Amino acid sequence: MPTSFMGIEIGNTNIKIIEAAKRGAVLEVKKFSLLKTPADCVHNGVINNIDVIKKVIQEELKSKKYRAKKVVAVVQSSTIIIRNVVMDKQPEKIIKQLLEVKTEEFLPIEHKQYQIDFKMTGEVEEEGVIKNKLMLVAAPNVVVLPVASLLKRLKLIPISITIPSEALQSIFHSQTRMIYETTGNVLILDIGGRSTTVTIITGDEVCLTRMIEFGAEDLSLPTLDEKRDEYFARVVRPQMEYHIVAEIERILQFYYSSYGNGTIKKIYLTGGGSDIKGMRGYIRDALNIPTEKMSYLDSIVEASGIEFENYIRFFVNSLGAINGL
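What counts as what
- Residues numbered from 1 in each chain as written.
- Predicted model: local features only at pLDDT ≥ 70, side-chain atom pairs only at ≥ 80, totals over all residues.
- Heavy atoms only, no water.
- 1 Å grid on protein atoms, 1.4 Å probe; cavity = no way out; pocket = protein on both sides within 12 Å on 5 of 7 lines; lining within 4 Å.
- Points joined across faces, edges and corners; volume = space filled by probe spheres on them.
- Helix = DSSP H or I, 4+ residues; strand = E, 2+ residues; numbered from the N terminus.
- Nonpolar A, V, L, I, M, F, W, Y, C, P; charged D, E, K, R; others polar.
- Salt bridge = Lys/Arg side-chain N within 4 Å of Asp/Glu carboxyl O.
- Buried < 20%, exposed > 50% of the residue type's maximum accessible area, 1.4 Å probe, protein only.
- Patch = residues over 30% accessible without salt bridge, like charges linked within 9 Å, V, L, I, M, F, W, Y side chains within 5 Å.
- Areas by Shrake-Rupley, 256 points an atom, 1.4 Å probe, with all protein chains shown as cover.
- Phe/Tyr/Trp six-rings, centres within 6.5 Å; stacked < 30°, edge-to-face > 60°.
- Lys NZ or Arg CZ within 6 Å of the ring centre and 35° of its normal.
- Pairing = 2+ DSSP bridges.
- Axes fitted to C-alpha atoms, helices over the stretch in contact; angles between N-to-C directions.
- Contact = heavy atoms within 4.5 Å.

(A) Region of interest: the layout of surface pockets. Volume-wise, the largest pocket comes out at about 550 Å³. Taken together, 25 residues make up the lining of the largest pocket; nearest its centre are Asp-117, Ile-161, Thr-162, Ile-163 and Glu-166. It is strand β8 (residues 114–126) that provides the largest number of residues to the lining of the largest pocket, a total of five residues. Taken together, the residues that form the lining of the largest pocket break down as twelve nonpolar, ten polar and three charged. By volume, the second largest pocket amounts to about 470 Å³. The wall of the second largest pocket is formed by 33 residues, among which Thr-13, Asn-14, Lys-16, Gly-192 and Gly-193 lie closest to the centre. Elements that contribute at least two residues to the lining of the second largest pocket include exactly β1 (4–10), β2 (14–23), β11 (186–191), β12 (196–202) and α7 (312–323). Taken together, the residues that form the lining of the second largest pocket break down as eight nonpolar, 18 polar and seven charged.

Below you can see the structure in the form of structure tokens.
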């Protein structure tokens, strides 16, 4: 019988819960919940009030009769540090020891205040020597430990606590791909409530990810449908240009000058902000890159009675995290 997993992502604006069963290369969505994060409980990925968050999730799990106990949690914060480095080939055990005793050589942090992990992403030749390519992730304890404590108090079994870029890599990786027709180098633009995350994937590898501290809730959106087009052009578009598009252009400039992996072929929009009327066309025209909302994943099916298609954009990170198990 297929194993069911739960994905939980506690954002500044929304709490996302999903239960899915893995059937080979297919994920069957059985249940999902999109809840409003209680006010003043989460800031920049840090849970400030575990008791309130626990109560909200616990009541939802009970009312919807979630069954899965094994959980993948996704954490997101501008304080999480991600670095791509090249290191001499050596066993993972030695790499782990090096990161513990010589942390400052690889990451600008104090080791005791962070949870550090790494992932082999490939090999590269430097001056005739084959070396390992690694992605290093340093997540502050104040982000990770409250999530671990929350899962324990909910009597759930944490399988992993991961970050969006790793989850997204699973969606586009050749061995775990959830979008079968891809066009090479892609940029995923996750427009959340209070932040926007830019992730660039080249081939099977995440090469760059940045968080912009500006999201859909910061936009002055119109309240009258008949004025939306005019309002977007006059009010929303200037905000987007200043806070998001200008920053994406800087990120792309850095990507092209530092990585040389080729042009970005497509932008995928996720998050609640992707539904703002006119957003897809505006991003496409502003950056001159084909753009589409990520509203469909080839390897996702719905259990009977589950109307999930219109909500996929909120659960991309959790689905990718479960898919990568």
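(B) Focus on the pattern of salt bridges. A complete count under the given rule lists 16 salt bridges for this structure. A salt bridge links Glu-217 to Lys-36, with the nearest nitrogen and oxygen atoms 3.4 Å apart. Placement of Glu-217 in the loop between β13 (205–212) and α5 (228–258) and of Lys-36 in strand β3 (residues 26–36) is noted, with a sequence separation of 181 residues between them. Judged by relative accessible area, Glu-217 falls into the partly exposed class, the value being 41%. Here Arg-284 and Asp-285 are joined by a salt bridge, their closest N and O atoms 3.0 Å apart.

(C) Region of interest: a nonpolar patch on the surface. Together, Ile-157, Ile-159 and Leu-325 make up an exposed nonpolar region whose accessible area comes to about 250 Å². Topologically, Ile-157 is positioned in strand β10 (residues 157–162). Relative accessible area serves as the criterion here: at 45%, Ile-157 is assigned to the partly exposed category.

(D) Region of the structure containing the packing of aromatic side chains. One pass over the structure, following the stated rule, counts six aromatic pairs. Relative to Phe-308, the ring of Phe-32 lies with its centre 5.0 Å away and its plane at 65°, an arrangement referred to as edge-to-face. Pair noted here: Phe-32 is in strand β3 and Phe-308 is in the loop between β16 (300–302) and α7, with a separation of 276 residues, a long-range link. No difference in accessibility class separates Phe-32 from Phe-308, as the two residues are buried. For the ring pair Tyr-255 and Tyr-256, a centre distance of 5.1 Å and an interplane angle of 55° mean the geometry is tilted. An aromatic cluster is defined as three or more aromatic residues linked by ring pairs; in this entry it consists of Phe-32, Phe-308, Tyr-311 and Phe-315. Sitting above the plane of the Phe-32 ring, Lys-64 keeps its charged end 5.8 Å from the centroid.

(E) Representation of the sheet that holds strand β9 (residues 129–140) within the structure. Pairing within the open sheet is antiparallel, and its three strands lie in the order β7-β9-β8. A strand with exactly one partner marks an edge of an open sheet, and here the two such strands are β7 (81–88) and β8. Here the strands of the sheet are splayed against their neighbours by 25° on average, with no regard to which way each runs. Bridge count between β8 and β9: twelve bridges; the pairing is antiparallel. What sits directly across from Ile-116, in β9, is Ala-138. Relative to β8, helix α2 (residues 92–101) is tilted by about 125°, and along the sheet it contacts β7, β8 and β9.

(F) Main features of the pairing of β11. The buried fraction of β11 amounts to six of the six residues, a majority that puts the element mostly inside the structure. With burial as the criterion, each face of β11 is covered, one bearing Val-186, Ile-188 and Asp-190 and the other bearing Leu-187, Leu-189 and Ile-191. Connecting the antiparallel pair β11 and β12 is a turn made up of four residues. When β11 meets strand β14 (residues 266–270), the two strands line up parallel, connected through five bridges. Looking at the pairing, Val-186 lines up with Lys-266 of β14.

(G) Looking closely at the side chain of Glu-60. Among the secondary structure elements, Glu-60 is positioned in helix α1 (residues 50–63). In this view, Glu-60 contacts Ile-17, Ser-33, Leu-35 and Tyr-66; residues no more than four positions away in its chain are not counted.

(H) Structural context of the sheet that holds β11. The strand order β13-β12-β11-β14-β15 describes an open sheet built from five strands, whose pairing is mixed. Edge positions in the sheet fall to β13 and β15 (291–293), since each has one partner strand and no second. Neighbour to neighbour, the strand axes of the sheet diverge by 20° on average, direction disregarded. Relative to β12, β11 is paired through six bridges, and the arrangement is antiparallel. Residue pairing across strands places Ile-188 opposite Thr-199, the latter belonging to β12. In the packing of helix α4 (residues 164–172) onto the sheet, contacts are made with β11, β12, β13 and β14, and the angle to β12 comes to roughly 40°.

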